[in-house]
Amino acid sequence: MNIELRQLRYFIAVAEENHFGRAAARLHMTQPPLSQTIQALEATLGVPLFARTKRSVSLTPAGAALLPEARRILQQATALPDLARRAASGESGLLSLSFVSTADYSLLPPLLREFREHHPQVQINLREATTDIQLDDLLQGRIDAGLLIPPLPEKAKSELDYMTLLSEPLILAAPHGLKAVQERKAVGLKMVADMPLIIFPRRIAPAFHDSILGCFRDAGLTPRIGQEAIQMQTIVGLVSAGMGIALVPQSVSNLKRPGVEYRNLNNKTLPFETGLAWRRDNASPVLRTFLELLRRK
């Protein structure tokens, strides 16, 4: 079945005018080719669309059912050029974005808000995932970009690009009521060295894991690891339950969990970095638009 948009346009004109002569004048054509076009459409569909008499033309039940659908199809067809232009420019389409849990308390909300304000017709597919999972998804082309914890493994650097978005200090998350931190704005690690440490597994974020242990090592301490967890909210939840202490990025203090107190550290710590990684060969216009927004910040 091959139905032309021209046939639908002519059908709508006749249906709205209830007259072949007036419809032909509206379409700036003569009546015979208009009648022939409608007859060809009826032959293609296998049903009459109009009941014709010498004095009147009216829609059949089939014609009445077709009219709103014909209008919808023509409207969609009219919108196709603009749709194609917006997709090519990155103004519409799909962006698949993964993020580590720490980004949910810092970068992610304002970044998404600003992007959606400027590009409301882009659909964003979000997924929370650890850095190791994101790297695999990026290399396999399953996501467009990932907010993750660097550094990138050497084997991934040949295929992925990376942009630093945030660098922040580590702070202490301690159970409420811990005497060592009460009425202090900043504490030293030696003051909480007897508490178990709650930390990310090294396989999930090697650099983050090592930087936390390095803070203790630089203070002349060897921490006792009590629990490991892969989600920041879980780590803070375990601190709230009195299971131990944790070193967390400063932005995690935005997570107001009852039973947890956040304190600055007197100890020197390496900055905690979050950045965006994406495939170098990803030609998605939406990804390009997203990167342009980040580069302007």
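Computed from a prediction, not measured in an experiment: that's the story for all the values here.

Peer 1: Run through unusual backbone geometry, naming residues and quoting values.
Peer 2: Omega for the peptide link from Pro 150 to Pro 151 comes to 5°, which places this bond in the cis form. With respect to the helices and strands, Pro 151 occurs in the loop between strand E5 (145-148) and helix H7 (154-157). Residues other than glycine seldom take positive phi values, yet Asn 18 does so here, at roughly 55°. Positive phi, close to 60°, is recorded for His 28, a residue that is not glycine. Mapped onto the elements of the fold, His 28 is located in the loop between helix H2 (20-26) and helix H3 (31-45).

Peer 1: Describe the packing of helix H1 (residues 5-17) against H3, and please don't skip the residues or the numbers.
Peer 2: In contact at an axis separation of 9 Å, H1 and H3 are set at 110° when each is read in the N-to-C sense. In terms of axis orientation, H1 runs roughly perpendicular to H3. Along this stretch, H1 crosses H3, giving a crossing that reads as left-handed. Taken together, the residues of H3 that come into contact with H1 (itself represented by Arg 6, Gln 7, Tyr 10, Phe 11 and Val 14) are Leu 34, Thr 37, Ile 38, Ala 40 and Leu 41.

Peer 1: Before we move on, could you go through helix H5 (residues 108-118) and cite the residues and values that matter?
Peer 2: Given 3.6 residues per turn, any residue in an α-helix points the same way as the ones three and four places further on. Burial in H5 covers these residues: Leu 108, Leu 111, Leu 112 and Phe 115. Take H5 and look down its axis: the buried residues cluster within an arc of 95°, on one side only. Those residues of H5 that are exposed and angled more than 90 degrees off the buried face are Arg 113 and Glu 117. For H5, the elements touching its buried residues are strand E3 (93-99), strand E4 (122-128), E5 and helix H10 (285-296).

Peer 1: Lay out the packing of H5 against H10 with the relevant residues and their values.
Peer 2: Running from amino to carboxyl end, H5 crosses H10 at an angle of 115°, the nearest separation of the two axes being 11 Å. Our pair here, H5 against H10, has a crossing hand that is right-handed. Contact with H5, carried on its side by Leu 111, Glu 114 and Phe 115, involves Val 286, Thr 289, Phe 290, Leu 293 and Leu 294 of H10 and no other residues of that element. Split into classes, the residues belonging to the contact of H5 with H10 amount to 6 nonpolar, 1 polar and 1 charged.

Peer 1: Account for the pattern of salt bridges, naming residues and giving values.
Peer 2: According to the stated counting rule, one finds 16 salt bridges in the structure shown. When the shortest N-O distance is used, the salt bridge between Asp 281 and Arg 279 registers 2.8 Å. The exposure class assigned to Asp 281 is exposed, which follows from its relative accessible area of 52%. A single salt-bridge network, built from bridges that share partners, covers Glu 16, Glu 17, Arg 22, Arg 26 and Arg 71.

Peer 1: Can you lay out the environment of Gln 121 for me, pointing to particular residues and giving the numbers?
Peer 2: Here Gln 121 shows up in the loop between H5 and E4. Of the residues examined, Gln 121 reaches a relative accessible area of 45% and is grouped as partly exposed. Taking the C-alpha atoms as reference points, Gln 121 and Arg 296, 175 residues apart in sequence, are found 20 Å from one another.

Peer 1: Describe the sheet that holds strand E11 (residues 246-249), listing the residues and the values that go with them.
Peer 2: Pairing within the open sheet is mixed, and its 4 strands lie in the order E8-E12-E7-E11. Every other strand in the sheet has two partners, leaving strand E8 (186-187) and E11 as the edge strands with one partner each. Sheet analysis places E8 next to strand E12 (residues 260-265), joined by 2 bridges and oriented parallel. For Val 187, the partnering residue across the bridge sits in E12 and is Leu 265. Each of strand E7 (170-175) and E11 touches helix H8 (residues 206-218); the most contacted strand, E11, lies at about 125° to it.

Peer 1: Got a sec to walk through the packing of aromatic side chains? Specific residues and values, please.
Peer 2: Scanning the model with the defined rule gives 5 aromatic pairs in all. Arranged with centres 5.4 Å apart and planes meeting at 50°, the rings of Phe 11 and Phe 50 form a pair that is tilted. In this pair, Phe 11 is assigned in helix H1 and Phe 50 in strand E1 (residues 50-52), connecting sequence segments 39 residues apart. With respect to class, Phe 11 is no different from Phe 50; both count as buried. With centroids separated by 5.2 Å and ring planes inclined at 90°, the aromatic side chains of Phe 115 and Phe 290 adopt a geometry described as edge-to-face. Within this pair, whereas Phe 115 is found in helix H5, its partner Phe 290 is found in helix H10, the two being separated by 175 residues in sequence. Residues Phe 115 and Phe 290 agree in their burial class; the two are buried. Every member of this aromatic cluster is reached through a ring pair, and the members are Phe 11, Phe 20 and Phe 50.

Thresholds, definitions, all that
Residues numbered from 1 in each chain as written. Predicted model: local features only at pLDDT ≥ 70, side-chain atom pairs only at ≥ 80, totals over all residues. Heavy atoms only, no water. Helix = DSSP H or I, 4+ residues; strand = E, 2+ residues; numbered from the N terminus. Axes fitted to C-alpha atoms, helices over the stretch in contact; angles between N-to-C directions. Parallel < 35°, antiparallel > 145°, perpendicular 65-115°, else oblique. Left-handed = near helix turned anticlockwise from the far one by under 90°. Contact = heavy atoms within 4.5 Å. Buried < 20%, exposed > 50% of the residue type's maximum accessible area, 1.4 Å probe, protein only. Arc of directions from axis to C-beta. Nonpolar A, V, L, I, M, F, W, Y, C, P; charged D, E, K, R; others polar. Salt bridge = Lys/Arg side-chain N within 4 Å of Asp/Glu carboxyl O. Pairing = 2+ DSSP bridges. Phe/Tyr/Trp six-rings, centres within 6.5 Å; stacked < 30°, edge-to-face > 60°.

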